[in-house]
Amino acid sequence: MSRYLRPGSIDEAVGLLSTDAALRIVAGGTDVYPSLGEAAARAAFLDIVRIPGLRGITRENEAWRIGAATTWSDVVRAPLPAFFDGLKLAGREVGAIQIQNAGTLAGNVVNASPAADGTVALMALDARVEIAGSDGRRVMPLGDFVTGVRSVALKPGEIVTALLVPDRPAKSRSSFLKLGARRYLVISIAMVSAVVDLDDAGMIAEAGIAVGACSPVARRLPALEARLVGVPPAQAADVVLASDADVLSPIDDVRARAGYRRDAAITLVRRTLAACAEAAR
Amino acid sequence: MTPATTFVGSPVSRVDGPAKVTGAAVYAADFDIPHLAHASIVQARVPAGRIAAIDTRAAEAAPGVLAVMTHETTRRLPWHPRDPRPGVDPKAGERLHVLQDDVVRYDGQPVALVVAQSEEQARAAADLVRVDYAPTAARTRFDVAYARAPSEATAKAGRPGDTSRGDPEGAFAQAPVRVDVPFVQPREQHAAIEPHATIAAWDEDGRLTLWDKSQWVDNVRTEIAHVFGLAEDRIRVISPFVGGAFGSGLRTWPHVTLAALAAERVGRPVRLALTRRQLFTNTGFRPHTESRVRLGAFPDGRLTAILHEATGQTSTYEEYAETTLTPARQLYACPNVATRYRLLDMNVNTPSPMRGPGAATGELFLETAMDELAHALGMNPLELRRANLAKTDPDSGKPWSSNALAACWDQAAARFGWADRPRTDEARRAGRERIGSGMASAFYPAHRAKARARVTLYANGGAMIQAATSDMGPGTYTALSQVAADALGLPLEQVRVEIGDSALPPAPAHGGSITMATLGNAVANACAALRETLGADGEGDLTPALRRSGRDSAAAEGASSPGKEAQEYESAAFGAVFAEVRVDPELGTVRVARLVGGYDVGRVVNPKLARSQCIGGMVQGIGMALSEEAVFDRHCGRVMNANLSDYLVPVCADVGALEAFFVESDDRVFNPLGVKGLAEIALCGVAAAIVNAVYDATGLRMREVPVTPERIVTAQAARGR
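Each residue is numbered by its place in its chain's sequence as written, counting from 1. As a convention, the first chain written is A and the first ligand written is 1, with the rest following in written order. The predicted nature of this model means local features are confined to residues of pLDDT at least 70 and side-chain atom pairs, given and counted, to a pLDDT of 80 or more, with totals for whole chains, interfaces and linings taken over all residues. Note that water and hydrogens are dropped before the side-chain values are worked out from all heavy atoms of the structure.

(A) How the structure looks around the overall build of chain A. Within chain A, the secondary structure is distributed over 11 helices and 14 strands. Taking the principal axes of the C-alpha coordinates as reference, chain A spans close to 60 × 45 × 30 Å. Three labels apply to residues, based on accessible area from a 1.4 Å probe with only protein chains included: buried if under 20% of the type maximum, exposed if over 50%, partly exposed otherwise in between. Looking at chain A as a whole, 52% of its 281 residues are labelled buried. Two residues qualify as a contact provided that any one of their heavy atoms is within 4.5 Å of a heavy atom in the partner residue. Within chain A, contacts between residues separated by at least 24 positions form 60% of all contacts whose residues are at least 6 apart in sequence. Accessible surface computed for chain A: about 11700 Å², of which carbon and sulfur atoms make up 53%. Positive: Lys, Arg. Negative: Asp, Glu. His and the chain ends are not part of the count. All charge positions are set by atom: Lys at NZ, Arg at CZ, Asp at CG, Glu at CD. Once the 32 positive and 30 negative side-chain charges of chain A are each reduced to a mean point, those two points are 5 Å apart. The secondary structure listing takes helices from DSSP runs of H or I that are at least 4 residues long and strands from runs of E that are at least 2 residues long, numbered from the N terminus. Per-residue and other accessible areas were derived by the Shrake-Rupley procedure at a 1.4 Å probe size, with only the shown protein chains allowed to occlude residues.

Structure representation (structure tokens):
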């Protein structure tokens, strides 16, 4: 029979985890419950959404802290700088409104689906993952945290407490585009998130571009990001090369074939950059 | 004298609407039956073979488990043959005798059933049943090389293997303009939102009550009587509300038998609700069908040859066949027509009718080929249709009881703005998108069947209409209320309709778009009989006559059945569908910006619900054209997307502006009420119009649906080579 625990603090949660490694952490439950399939739940659950201070977005020093119980709707509704627009657009594509009301950003990351819309947007923003364990807290880059399909670098007894997004200059714009075989409520064939910071001359000073559903883990496109530096945003889409997709390793599945995914990803990269340029005008 | 009409023809709101939006409407799985136990199916995980061993010990020891049933522990049932078979059953082969032997016929077949105190306990224990299989060779690949002609019984039921009139091959060879068009339509699922569910309860006298999701309660009763060897009067089937079905509720599926078996075994009422995944393999589906259409025409567009071949899949144990080729024989005037229908036995569950069975598929094939012919002729696709209007049924030579197809074409074209559609490459450009326009005809044969209805009038002015029909969504409750209110001279809210119970006067299947033409007339006749009984005039409120008679209530029954018009005429609903799409050539995405459908459905009982029915069909047609496909893996013989996250029915964001309207029509030859039936016709032609519009936008002939983004891009790449 399943157990359902609701700790009141991070310390209590970590303590419970240290006594029972089989505990499955659940926040919004929008991935955990469907993953149980049609069989009855035999796992024991550790529900973290009632832990005080775990929900909400705060600015701390040079970073924005998104608590692990923060939902997609929280983010979409929050007054945030323009460089979060890509993340908000991703949030609007994570299932229906009901799912966005329950599902959390941290859960989207920890679930480690190759098609996680949120992970792509967070990766473009250089997000880091804050982790609590019995040895205290540690922080690691999102790109290192997600290690594979349904696999993350959480050690036994550890729990994600927040996502940390570095602050960006005022002249920073971002966007997100998703492609599925229907317009909405669909698992992505490919999705792209881009952020561009502009210098005083209006040229791209720094860019972050991530592609999802085209490799086991969402991938940044570092070669393209390097080429974009110094380029006027309106010309950014023209800088994209088909070979920028070489870092991707898409698969054939029920949603699309690898070749189509690769081509579509490049088209989406161009369009996402064009959308950033539009936002920067 | 014709009764005064007040409600028939009025756009009144659904009479069952408040009950549905407040949750008061009770669906099959919702009935609160005391001492209810719950059952869960264990499904086969190979497409063909035998059960070598089945270990139920862990399941039996699991908490709450009352029984685990397998083919080894389930009693043998008589499974008496049906003679004649109901119209919704395949005409050859034998239905699945569930839990009666060790043979696995398809992946997903029930091989065990767990009954427990709670649904969760049943599912948990079902997970513990260990089944070892001895697999055998399975046919899981659709290969027309193995197709065969349908049996004589199937042929007699309007699905012949080979038909010919005139000299089709000769005429095709001689035709100045020819097209030869292959096409693939994949397996589609009904995907109604309400899952199928059955509650079975036996009483101490051995009488069985079934609360079931069904479009035909009378047939559930008859089928279960045959399966269990019971007298029909020992069984009652109750199904007041159906949350969408599209044909999946026409047959009596094996889970109904399982529910009754389980209730018998544990001596308690049992509920068996299928999961979304199980719906794919424990009800039916629209079969994968591959087609070849050859058309020959004179330069002025007149058809001289139609040759249509189609192969549909069926299971290894039943011969399900469709009327895929009926449109080729009946939709257009053409002297030389041949059709050839073949079936491919595969290790799948048996397909079943799904909205517009045969017709929706056949018209997708025929109407996309007509579009290709129009372009081969250099002719406006609308003009090509007009040049081939069938003034009588070209197959039988009989007159149509009514046919306003020409009005559908004209009026829908005008409303769509067909004459002003973008015709040049430049006009078709809208930013990065390409605009395309396409059209198709729609056709669905109209029939009616035998039915009875009872009316009871009370001295307080209330009336009750009763019949064992169903309302899976089109509005049977409302439309029958309208007919009765007019016939009795009562306000609509004083009429109550009771349906979905086999204890009520008998009704045919709520399918094939026959319900209004059948039950509507039975209700009208029942009301007329009551009026006669009470010695009242031809119209007006009947309640005073009842009060004068001194009785508290009076009842009468009325019947309706096809008359000689069924021999003398052909009847059908017609329509014309126009589509505007926007194609993004880079990504291959297709967006349906507009659909306009004009329909000849006879008299429209309720314009509001009729429009609702039509826009529902349009949305389903968008799914058929662009996204719906049950992906069947030929290596493991399994549906890979048996869920609603990857079996993609359209969402609102996929749907553009929809316009449906009805041309002037009133078919009193077909039946006194003048209706022709409105359900299937709403799906017919939609997918073809969209596929044709995609061609107009891109120049790509997509000959397989769904037209996914990837298929567009692949076709473009192939053209570029």
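(B) Representation of the pairing of strand S2 (residues 49-55) of chain B in the model. Residues and elements named next belong to chain B. For two strands to pair, DSSP has to find at least two bridges joining them. Pairing geometry for S2 and strand S4 (residues 103-104), over two bridges, is antiparallel. Note on S4: the bridge partner recorded for Gly49 is Val104. Note: S2 against strand S6 (residues 130-135), six bridges, orientation antiparallel. Paired with Asp55 across the two strands is Arg130, which belongs to S6.

(C) The domain arrangement of chain A, seen in detail. Residue and element names in this part refer to chain A. Partitioning chain A into domains gives domain 1 (3-166) and domain 2 (173-280). Between the C-alpha centres of domain 1 and domain 2 the distance comes to 24 Å. Each side of the interface is counted separately: domain 1 has 27 residues, and domain 2 has 27 residues. By convention, the term buried area covers the 1.4 Å-probe accessible surface removed from two parts as they join, with the contributions of both added. Counting the surface lost from both domain 1 and domain 2, the interface buries some 2000 Å², and carbon and sulfur atoms represent 63% of this. Should a side-chain nitrogen of Lys or Arg be within 4 Å of a carboxyl oxygen of Asp or Glu, the pair is scored as a salt bridge. The interface formed by domain 1 and domain 2 holds three salt bridges in total. Counting only elements with at least two residues in the side of domain 1 that touches domain 2, the list comes to helix H4 (85-91), helix H7 (117-124) and strand S8 (146-148). Looking at which element gives the most residues to the side of domain 1 that touches domain 2, the answer is H7, with six residues. Class assignment of the residues belonging to the side of domain 1 that touches domain 2 gives a composition of 16 nonpolar, six polar and five charged. Where a domain begins and ends is set by an automatic assignment or by a domain database. Residues are grouped as follows: Ala, Val, Leu, Ile, Met, Phe, Trp, Tyr, Cys and Pro are nonpolar; Asp, Glu, Lys and Arg are charged; all remaining types, including Gly, are polar.

(D) Summary view of the side chain of Thr361 of chain B. Residue and element names in this part refer to chain B. With respect to the helices and strands, the residue Thr361 is situated in helix H10 (residues 359-377). According to the relative accessible area criterion, Thr361 is buried, its value standing at 0%. In this structure, Thr361 is in contact with Gln185, Arg286, Thr289, Glu322, Thr324, Gly356 and Met624, ignoring residues within four places of it in sequence.

(E) Spatial organisation of the pattern of salt bridges. All names here are of chain A. Within this structure, the stated rule accounts for 77 salt bridges over all chains. A salt bridge links Glu93 to Arg183; the nearest nitrogen and oxygen atoms lie 3.6 Å apart. Residue Glu93 is located in the loop between H4 and helix H5 (97-102), and its partner Arg183 is located in the loop between strand S11 (172-179) and strand S12 (190-198); the two are separated by 90 residues in the primary sequence. Under the relative-accessibility criterion, Glu93 is labelled buried at 13%.

(F) Here's a closer look at the packing of aromatic side chains. Planes of paired rings set the category: under 30 degrees apart is stacked, over 60 is edge-to-face and the rest tilted, where pairs are Phe, Tyr or Trp rings (Trp by its six-membered ring) whose centres lie within 6.5 Å. Tallying each qualifying case throughout the model produces 18 aromatic pairs over all chains. Between Trp400 of chain B and Phe443 of chain B the ring centres are 6.3 Å apart and the planes differ by 75 degrees, which places this aromatic pair in the edge-to-face class. On the criterion of sequence distance, the pair formed by Trp400 of chain B in the loop between helix H11 (381-386) and helix H12 (405-416) and Phe443 of chain B in strand S17 (residues 433-445) is long-range, its members being 43 residues apart. Ring-pair connections join several aromatic residues into one group, and the members of that group are Tyr4, Tyr33 and Phe45 of chain A. Here, over-ring charges are defined by two tests on the NZ atom of lysine or the CZ atom of arginine: distance to the ring centre within 6 Å, and angle to the ring normal within 35 degrees. Positioned above the aromatic ring of Phe661 of chain B is the side chain of Arg415 of chain B, whose terminal nitrogen or guanidinium carbon lies 3.9 Å from the ring centre.

(G) The arrangement of the domain arrangement of chain B in detail. Residue and element names in this part refer to chain B. You can read the domains of chain B as domain 1 (17-26 + 448-561), domain 2 (31-137 + 193-244 + 249-283) and domain 3 (398-447 + 570-721). Once you take the C-alpha centre of each, domain 1 and domain 3 turn out to be 35 Å apart. On the side of domain 3, 16 residues touch domain 1, which itself brings 15 residues to the contact. Roughly 1200 Å² is buried in total at the junction of domain 1 and domain 3, and carbon and sulfur atoms are behind 57% of that figure. By the criterion of area lost to domain 3, the three top residues of domain 1 are Arg448, Ser513 and Asn521, representing 41% of everything that side buries.

(H) Quick look at the sheet that holds strand S4 (residues 57-60) of chain A. Residues and elements named next belong to chain A. In space, the five strands of this open sheet follow the order S4-S5-S10-S6-S7, with antiparallel pairing throughout. This sheet does not close on itself; its edge strands, each paired only once, are S4 and strand S7 (136-141). When the angles between neighbouring strand axes are averaged without regard to direction, this sheet yields 30 degrees. Where strand S6 (residues 128-133) and strand S10 (residues 159-166) come together, five bridges link them in antiparallel fashion. Bridge pairing in S10 links Glu130 to Ala162. Sitting on the sheet, helix H1 (residues 10-19) is in contact with S6, S7 and S10, with an inclination near 130 degrees to S10. Under this scheme, a helix contributes an axis fitted over its contacting stretch, all axes are lines through C-alpha atoms, and angles between N-to-C directions fall in the 0 to 180 degree range.

(I) Expanded view of the pairing of strand S22 (residues 572-584) of chain B. Residue and element names in this part refer to chain B. With 12 of 13 residues buried, S22 is to be regarded as a mostly interior element. Two elements, S17 and S22, share 12 bridges in a ladder whose sense is antiparallel. Bridged to Phe443 within S22 is Phe574. Hairpin geometry of S22 and strand S23 (residues 589-600) is characterised by an intervening segment of four residues between the two adjacent antiparallel strands and by a positive phi of about 85 degrees at Gly588.

(J) Broad picture of the nonpolar core. Residues and elements named next belong to chain B. Put simply, buried Ala, Val, Leu, Ile, Met, Phe, Trp, Tyr and Cys residues joined by side-chain atoms within 4.5 Å make one nonpolar core. Counting 87 residues, the largest nonpolar core has Leu295, Leu373, Phe578, Val581, Leu595 and Ile690 as its most contacted members. Per-element tally for this core: the top contributor is H10, with 10 residues. Leaving out residues up to four positions away in the same chain, Leu295 has contacts with Phe172, Val177, Arg178, Val179, Leu303, Ala305, Ile306, Leu366, Ala369, Met370 and Leu373. By size, the runner-up hydrophobic cluster in this structure holds 82 residues, among which are Val256, Ala467, Leu490 and Ala545.

(K) Spotlight on the interface of chain A and chain B. Taken together, the 23 residues of chain A in the interface contact 29 residues of chain B. A buried area of about 2200 Å², summed over both sides, lies between chain A and chain B, and 58% of it is on carbon and sulfur atoms. One can count four salt bridges joining chain A with chain B. In protein, a polar contact requires one atom able to donate a hydrogen and another able to accept it; more generally it is a pair of N or O atoms within 3.5 Å, and residues adjacent in sequence count only if both atoms are side-chain atoms. Counting every contact that joins chain A to chain B gives eight residue pairs in polar contact (both at pLDDT 80 or more). The dominant element in the side of chain A that touches chain B, judged by the number of residues it contributes, is helix H11 (residues 258-280) of chain A, at five residues. When its residues are assigned to classes, the side of chain A that touches chain B shows 14 nonpolar, two polar and seven charged.

(L) Focus on the packing of helix H17 (residues 607-626) of chain B against helix H18 (residues 686-698) of chain B. All names here are of chain B. Orientation of H17 relative to H18, taken along the N-to-C sense of each, is 50 degrees, at an axis distance of 8 Å. The angle between H17 and H18 places the two elements in the oblique class. Two packed elements cross with a definite hand, and for H17 against H18 that hand is right-handed. Every residue of H18 that contacts H17 at Gly617, Met618, Gly621, Ile622, Met624, Ala625 and Leu626 is listed here: Val686, Ala687 and Ile690. Taken together, the residues of the contact of H17 with H18 sort by class into eight nonpolar, two polar and no charged. Each angle receives one of four descriptions, namely roughly parallel if under 35 degrees, roughly antiparallel if over 145, roughly perpendicular if within 65 to 115, and oblique otherwise. Each helix crossing is assigned a hand: it is left-handed if the near helix lies turned anticlockwise from the far helix by less than a right angle, otherwise right-handed if that turn is clockwise.

(M) Representation of the sheet that holds strand S20 (residues 495-498) of chain B within the structure. Residues and elements named next belong to chain B. Read across the open sheet, the four strands follow the order S20-S19-S18-S21; overall the sheet is mixed. Each end of this open sheet is capped by a strand with a single partner; those strands are S20 and strand S21 (553-560). Geometrically, the sheet is characterised by an average inter-axis angle of 20 degrees between neighbouring strands, direction not taken into account. Sheet analysis places strand S19 (residues 463-466) next to S20, joined by four bridges and oriented parallel. Across the sheet, Ala463 pairs through a bridge with Val495, a residue of S20. Helix H13 (residues 476-488) contacts strand S18 (451-458), S19 and S20 of the sheet and is inclined by roughly 135 degrees relative to S20. Contacts between helix H14 (residues 515-533) and the sheet are confined to S18, S19 and S21, with S21 contributing the most and set at about 140 degrees to the helix.

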